[in-house]
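So you can see what is in the structure, the chains are spelled out below.
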Amino acid sequence: MKISKYILLALLIFATSSCNSLLQEDLYSELDDNYANSPQGLQSLLTSAYGNAQLRNYEYFFTSGMTSGENWNEYGAIEANFTPLCNFTWDSNHPYFSGIWTRLYSVIRDVNIILKNADPDNDAQLIAEAKFLRGISYYWLHDWFGRLPLYKSPDDDYYQSRVTEEQTVAFIEQDLREATEILPVKQSVYGKATKGAALSFLAKLYLNTKRWQECADITGEIIELQEYSLFSDYTKLFLIENEGNAELIWTIQSTPQLGNPFVANTFPTDYPHLPNQTIYASQVYLFDDFVNSFAANDKRRELIITSYTNTNGVFVQLLGNNRSYPGKYEFDKDAIGASYGNDVPVLRYADVLISRAEALNELNGPNAESIDLLNQVRQRALPELLQLGDFSKETLREQIFKERTWEFWYEQARRSDQVRQGTFISEANRRGKTAAKAHHVLFPIPQTEIDANPNLEQNDGY
Amino acid sequence: MKYIRVLRYSFLSAIVFFFFIVETYGQVSPTPIINATLTGSVIDGVSKDPLEGVTIQLDAVTHSVKTDRDGRFQFVTGQKLPFTLSISYIGYESKTVVVNTSPTIIELFPVSADIDEVIVVGYGVQKKRDVTGSVSSLKEADFNRGAAVTSVDQLLQGGAAGVNIQQSSSEPGGGVNVRIRGNNSINAGSSPLYVIDGLPIDNSTNLTSSSGEGGIANNLVAKNPINSINPSDIASIEVLKDASATAIYGSRAANGVILITTKRGTAGQKRLNYGVNVGVQSLANRIDILNTAEYIDVVNQLSVERGGDPVFDSEAIAAIGSGTDWQSAILQKAAVHDHNLSLSGGSESLSYFTSLNVTSQDGIVRNTGMDRYAGRVNLDGTFAAKGKFGINITTSRIIDNNAVDGNSINESAGPINAALLYDPTESIYNPDGSFTRSSFLTINNPLSLVHGIQNESSSNRTLGNVFFEYEIANGLKAKVNLGTDLFSQRRDIFNSRLTIRGAAQNGIANIATLEKQDILGEYTMNYNKEFSGGNTLDVLGGITYQNFQIKRFGGSIGNFPSDNLATNNLNLGDIATASLSSGKAENTLLSYLGRVNYTHNDKYILTGTLRADGSSRFGMDNKFGYFPSVAAGWLLSNESFIPQFFNNLKLRGSYGVTGNQDIGNYNSLQTFTTGGTFVSGNTLVVGTSPSRIGNRDLKWESTAQSNIGVDASFFQNRISLTADYFVKSTKDMLIELPLPAGTGYRSILSNIGSMRNSGIELYLSGDIIQKSKFRWTSSLNFTHIKNRVTDLGDARRIHTGSAANIGNVAIITEGEPAFSYYGYKVIGIFNDLDQIANSAQPSSRPGYPIFEDVDNDGRINSDDQQIIGDPYPDFTYGWRNEVAYGDFSLNFLFQGQYGGEVLNGNILESLYPSNYRRNMLRITVEDRWTVDNPDAKWPSATEPTSYGGGKSNTLALQDASYLRLKYIQLNYNLPLRSTKSVRGIQVFLSAQNLFTISNYVGYDPEANALGGSSARIDLNTYPLARVWSAGLNVSF
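Owing to the predicted nature of the structure, the values given are computational and were not obtained by experimental measurement.

Observations regarding the overall build of chain A
Looking only at helices and strands, one finds 18 helices and eight strands in chain A. Projected onto its principal axes, the C-alpha positions of chain A cover 110 × 55 × 45 Å. A buried classification covers 51% of the 462 residues belonging to chain A. In chain A, the proportion of contacts linking residues at least 24 apart, taken out of those at least 6 apart, comes to 65%.

Listed below in structure tokens is the structure:
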């Protein structure tokens, strides 16, 4: 009897006195809120933002090519996602739209936490890198979706409305401008934000918004940095061994440990490959009329695979069947399954030069400088150079867009170029994509986002 | 292998022993006695235990005797054989028998619906007649039978009203989905609480390869964590269903409670039991895919219809020959063995039950299976004058050879996926003996997966508790219960060069460990007193504390010089390919509980319970939740105005609130964890990012439940009926409220909205025939449950339930059943161009499916999705029978569901092949649209990615109704002529899953690739086995 009473008493004391501390939640494998205020925490958040800004998934990579008629696809589970992109039958549930949206806004989330906690006096470069990453994230989002809901701080209301086109562009411009003022020309770690990279995105922003003078000024500034130069041999420019060369201003870096599946989704399963290289059923092609648009001696065409002998020893003709393979990215000998280590360029110095040529042409019509800029890029691939006397403003504009298709194929460039040129829809109609309508120049806001945010309007037409 | 030999040996010795017994007793010929002495014994006809104190009356004389402790009796009389004896015993049916021989054995059978029957309730026991809550109580005789019944849940399936148990995966030890009275939660758990001998256990899932560790499929169907309990140790299972019964478990009770009571020793009755059951399993239902010839034909036809040339010319066809039946190649006839040895007995001061179990079940998919070794010691004793104590310890080791299929496709999928899709024109082996690999498919040769991947787990689990109870004063008892549940598991995966992914990395090894620790401390006091005037009071109060800890570790590495060492020498891998992970978490529950039970005149019963639960998982100001219940019962049969026709008639009503805290840890806190990985050159740098938006206001999800019920029995208790109607309303649901992804977060766990489950349950049982030699008892249960989401607040619509390459198929939205299927309705197949031109799909071609244009806007887009079905059956049922004739008896159970749909991933793989060289289901091809088959059900299959709409559509949604003969078992009790050494021998033959009647196309309409989720998709399901087995029980 006594024993029971003691136990009862002991338990009562135990229960009443320590109740709150017993129910305290101790963290073991997660870090608490203070972490975001520490220098290590801020750097680590920035690393995460850099990582998420490397768009290695196919969501992003193939969308430009499939919608602009640069590529088409057959086979593979992925075909179900590519077909609506090719046919202009996509809707707001297409998984690529929510994929890119979610990914880029997670960069913005990390940046916003950094900007809230960083000390402007001591962390100037950290802040500049963070703003660069936020700037390019909003840049891509704007490229796909148009005007955006702007999340600028972790304390912002969950349910932001979309701001105007002007406000969206101004915000991107401001982030990138502020970044250019602080960022160094060189970074010790390859792939971190540099002044040149920030200027280049700014130049592209001005180009795509047709702010020609600003584009010309910024591209001029990039050239004056004397940090970048054209790689001499176009056919070797994309090789893994030449990654990090002086032409590459911003790339999506990959390594087999954390690679991309672009090669795996491009070639046929019977294409000769090593046992460590996986190829999916999906195949991505170039159309014959594009392959045939190159001058016969254009070195840039050499990277296009127009025929091959398959693993069963059978010769397969591709050109003539609209099934040439884009061979810009090699089969990484160290691939791990479908994970290949090819870096994919986002901005090359060639783009800066051609963009400047375009801006100058729009401002002044053809002149010696714009022709010279184009020839700088052209000469490594073709001996025949452009002559100033052959062009009017309009024909040079056309020539510039042609040069861009030859130079930047399979580099996610054509959709933006067509949108700027105003041919995105007309080209689709010309290809027989009757479903393509004016509103398709922008993609729809992901349906999940519309469902989750009552303040968000869908793009017109969707 | 060594172990299997041991098993075989022990089985053979069992058989030899069995024949020896038969031989021995077969030789004894009956010798009629003329005179004087009659000896015999009386035993319980069900348990075969001897009955003490039974009255034996010899007809025509007044003399009677009683049986002794061992059930024996003896007469000395001058009469001659045969004698006529009248036998009677409290709680048993009286009997008159004519006896011709001596000694004789007389079996007595318990009176059904025994009025003094006691059932286990939360923190105690109650007389069944005093229970006001809704409880399904199953004794050993009610359990499902068969060699492949290896878990507690399988004992119950189909046997209790309101309890829906579905085997998500039929692999040995595979996961089950248990729902008591419907699906009560959306993002918090929906599985019941299990309490084993007073120890509430953490039944959360163990290690699965949920993120494709080792380069294998993501498997979301964890093995059933309760496999560690040996089903043969279980004496009874009580399923607590309404709030009156469950609210004493407060915050973990909203999904019902399953109380498991294990066997205990009886003083003075020393028993040794040995049981063996050996069976063979084979595929119950093959998926009908194209055979080689049909495949060649269809691939050629489709190629031509697509505008190409035939793929196979006559020369190629001749070279292929018969091809390969890949389903048969990966499947096998598989053995299952089950051995149980138990010893029980003891004295009044210390009694014991001990047992050993060995279960070995190979899977019907090659290279899968489960072995279990389990032991138990249960002790009960007394101390001092008024003290009692008990100790329960069970420990087990399970070796799982895990299946490697799951929610993945292509080269990451497992052998079942591959076998259904692989090109049947390929042979298994190359001439050099290596596995072939199709140059057209990025799928592994199915058999190379079987042989190329090892996935083995070993799990050790020890559950133990000890209690001391002391009667402080008359009727006042105090009890301390201390318990623990220790679990540790290690899983080794090795993906060798035989597979595509293994070859890409020169072998991938992954080792993961999981440790769980659960500590319980509990103190309760109980006061029970009968007052004058027919008032009885039973009061319970107590405090409990339970702490759960979990630790994980995992490591992967690749690039091995050889496959031979598998996971046993990770040092040989390439450190550049290595990755590590670990985690630790802890949560705590601190609770105060109380119950009052009051009865008046054995007619009116009132029960009230209250539990205050504190959980570490909730926001700082919301740690505690309060869960009350009240119930009343009226024993009408004790009222004089009720006709004697009713042996028992009770009305019950209850109302109460229970909670749910099954949400994972740290959801109220903002923390940081592993974020994005930055690649620079060949260097990877891992960053950190926020884990979630913490919700400081997070609180309990609560479920209010009302229940009214009636228990009735009539015809001398031969027929009894239990009927219940309930309404469960869950509010403040713990829902992942979708956030705009613009915030950088997908969702925030919030208390939002409400959901309602209502339903009726019927349980009818009867002794239909009750002759001395011929008996038939039967029970029928029926459950109808209706689920509705009544409010979703700001969440509006939640899309969920996605499987590999299919996307979300389920939706949660107001006014509809939670996890309804959401997608496109196919209303036909296009036949001609005019029809297409006037449709919402102008770019279609003949043979494409016609999707319903719900909003009539002339185009098909996401706005045309609608609710196309839901996974809930209209009703579920079970019909259990025991037919006994003499020494033979036959037990069988029919079980099934009517209504409810499943989205069938196999059909989607066939409708939307990633590659035209993949095999297809016969059903989608046989009746596909062609110019010559304009009234087809299925589309043309020529350009599936151009169909438009989406994969979640009515073509893939199938009725999951089924009726299954779950088991049938024929038993024979050997007539024993002596009780000297052997008490009883029973041999039996049984079959499980003998047949299933269903229109469902797939291995099993119960399957769910999403594991414990309430959303359902059938994809790459492990096939259901039909099991034939034979066995023997011997008791000494």
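Further notes follow.
Things to note about the overall build of chain B
The helix and strand tally for chain B stands at 12 helices and 52 strands. Expected size for 1036 residues packed as a compact globule is a radius of gyration near 31 Å; at 31 Å, chain B falls within 12% of this value. If one aligns the C-alpha atoms of chain B with their principal axes, the spans along those axes are about 100 × 70 × 65 Å. For chain B, with 1036 residues in total, the buried portion stands at 51%.

Let's talk about the domain arrangement of chain B
Residue and element names in this part refer to chain B. Here chain B is partitioned into domain 1 (31-108) and domain 2 (118-294 + 321-822 + 871-912 + 951-1035). Computed over C-alpha atoms, the centres of domain 1 and domain 2 are 46 Å apart. Taken together, the residues that form the side of domain 1 that touches domain 2 break down as two nonpolar, one polar and three charged.

Thoughts on unusual backbone geometry
Residues and elements named next belong to chain B. The backbone of Asn601 sits at a positive phi, close to 55°, despite the residue not being glycine. With respect to the helices and strands, Asn601 occurs in the loop between strand S26 (574-600) and strand S27 (604-615). With 12 C-beta atoms counted inside 10 Å, the residue Asn601 sits in the exposed group. Phi angles above zero are rare outside glycine, and Asn993 is one such case at about 55°. Since 20 C-beta atoms lie within 10 Å of it, Asn993 is described here as buried.

A look at the interface of chain B and chain A
Contacts between chain B and chain A engage 73 residues on the former and 82 residues on the latter. If you list the elements that add at least two residues to the side of chain B that touches chain A, you get strand S22 (453-473), strand S23 (476-495), helix H9 (500-504), S26, S27, strand S30 (672-680), strand S31 (683-690) and strand S38 (797-803) of chain B. Here the side of chain B that touches chain A is composed, by residue class, of 27 nonpolar, 39 polar and seven charged.

Regarding the nonpolar core
As a rule of thumb, soluble globular proteins bury nonpolar side chains together. By size, the foremost hydrophobic cluster in this structure holds 291 residues, and its most contacted members are Ile114(A), Leu133(A) and Ala198(A). Counting residues per element, this core draws most heavily on helix H8 (residues 124-145) of chain A, which supplies 13 residues. The residues touching Leu133(A), leaving out its near neighbours within four places in the chain, are Ala49(A), Tyr50(A), Ala53(A), Val107(A), Val111(A) and Ala193(A). The next biggest cluster of nonpolar side chains, apart from the first, holds 14 residues, and it includes Leu51(B), Phe75(B), Ile87(B) and Ile106(B).

As for helix H6 (residues 79-87) of chain A
Residues and elements named next belong to chain A. Burial analysis of H6 places eight of its nine residues in the buried class, which makes it a mostly covered element. Every buried residue belonging to H6 is among Glu79, Asn81, Phe82, Thr83, Pro84, Leu85, Cys86 and Asn87, and all of these are buried. Buried-residue contacts for H6 involve helix H5 (63-68), strand S1 (71-74) and helix H7 (95-117). Note on H6: the residue one or two positions beyond its end, Phe88, has a positive phi of about 60°.

Observations regarding the packing of helix H9 (residues 165-182) of chain A against helix H10 (residues 195-208) of chain A
All names here are of chain A. Packing of H9 against H10 brings their axes to within 8 Å, and their N-to-C directions diverge by 155°. In terms of orientation, H9 lies roughly antiparallel with respect to H10. For the crossing formed where H9 meets H10, the hand is left-handed. Between H9 and H10, the contacting residues are Val169, Ile172, Glu173, Leu176, Arg177, Ala179 and Thr180 on the first element and Lys195, Ala198, Leu199, Phe201, Leu202 and Leu205 on the second. Considered class by class, the residues forming the contact of H9 with H10 number nine nonpolar, one polar and three charged.

Points about the sheet that holds strand S2 (residues 55-58) of chain B
Within a beta sheet, neighbouring strands are joined by backbone hydrogen bonds and run either parallel or antiparallel to one another. All names here are of chain B. An order of S3-S2-S5-S6 is seen for the four strands of this open sheet, with the pairing classed as antiparallel. Each edge of the open sheet carries a strand with a single partner, namely strand S3 (64-66) and strand S6 (95-99). Each neighbouring strand pair of the sheet contributes to a mean axis angle of 25°, computed without reference to strand direction. Relative to S3, S2 runs antiparallel, the two sharing three bridges. When the sheet's bridge partners are listed, Ile56 is paired in S3 with Val65.

Let's talk about the sheet that holds strand S46 (residues 901-904) of chain B
All names here are of chain B. The three strands are arranged S47-S46-S51 in an open sheet whose pairing can be described as mixed. The open sheet is flanked by strand S47 (957-959) and strand S51 (1017-1018), the only strands paired with a single partner. One ladder, built from two bridges, connects S46 with S51; its direction is parallel. In the sheet register, Asn904 faces S51, and the bridge partner there is Asp1018.

So, the pairing of strand S29 (residues 646-660) of chain B
Residues and elements named next belong to chain B. As judged from the seven bridges shared by strand S28 (residues 624-635) and S29, these two strands associate in the antiparallel manner. Paired with Gly633 across the two strands is Arg652, which belongs to S29. Strand direction decides the pairing type here: S29 and strand S32 (residues 701-714), joined by 14 bridges, are antiparallel. When the bridges of S32 are listed, Leu651 appears paired with Val710.

Digging into the pairing of strand S24 (residues 508-531) of chain B
Residues and elements named next belong to chain B. Of the pairings in the sheet, the one linking S23 to S24 comprises 20 bridges and is antiparallel in character. Paired with Lys477 across the bridge in S24 is Asn526. As paired strands, S24 and strand S25 (residues 535-558) are joined by 24 bridges and run antiparallel to one another. In the sheet register, Asn528 faces S25, and the bridge partner there is Asp538. Linkage of S24 to S25, two consecutive antiparallel strands, is achieved through a turn of three residues, within which Gly533 is found at a positive phi near 80°.

A look at the environment of Lys333(B)
Residues and elements named next belong to chain B. Looking at the secondary structure, you find Lys333 in the loop between helix H6 (326-330) and strand S18 (334-346). You can call Lys333 exposed: it has 12 C-beta atoms within 10 Å. Separated by 50 residues in sequence, Lys333 and Leu283 place their C-alpha atoms 7.7 Å apart. If near-sequence neighbours (up to four positions away) are discounted, Lys333 is found in contact with Val280, Gln281 and Ser282.

Thoughts on the packing of helix H11 (residues 212-225) of chain A against helix H13 (residues 349-364) of chain A
Residue and element names in this part refer to chain A. Between H11 and H13, whose axes approach to 8 Å, the crossing angle comes to 145°. Crossing geometry of H11 relative to H13 is assigned as left-handed. On H13, the residues touching Trp212, Gln213, Cys215, Ala216, Thr219, Gly220 and Ile222 of H11 are Val352, Ser355, Arg356, Ala359, Leu360, Glu362 and Leu363. Among the residues forming the contact of H11 with H13, the class breakdown is eight nonpolar, four polar and two charged.

Conventions used here
Residues numbered from 1 in each chain as written. Chains lettered and ligands numbered in written order. Predicted model: local features only at pLDDT ≥ 70, side-chain atom pairs only at ≥ 80, totals over all residues. Helix = DSSP H or I, 4+ residues; strand = E, 2+ residues; numbered from the N terminus. Buried ≥ 20, exposed ≤ 12 C-beta atoms within 10 Å, placed from the backbone. Contact = placed C-beta atoms within 7 Å. Rg over C-alpha atoms; globule rule 2.2 N^0.38 Å. Domains from an automatic or database assignment. Nonpolar A, V, L, I, M, F, W, Y, C, P; charged D, E, K, R; others polar. Core = buried A, V, L, I, M, F, W, Y, C linked by C-beta atoms within 7 Å. Axes fitted to C-alpha atoms, helices over the stretch in contact; angles between N-to-C directions. Parallel < 35°, antiparallel > 145°, perpendicular 65-115°, else oblique. Left-handed = near helix turned anticlockwise from the far one by under 90°. Pairing = 2+ DSSP bridges.

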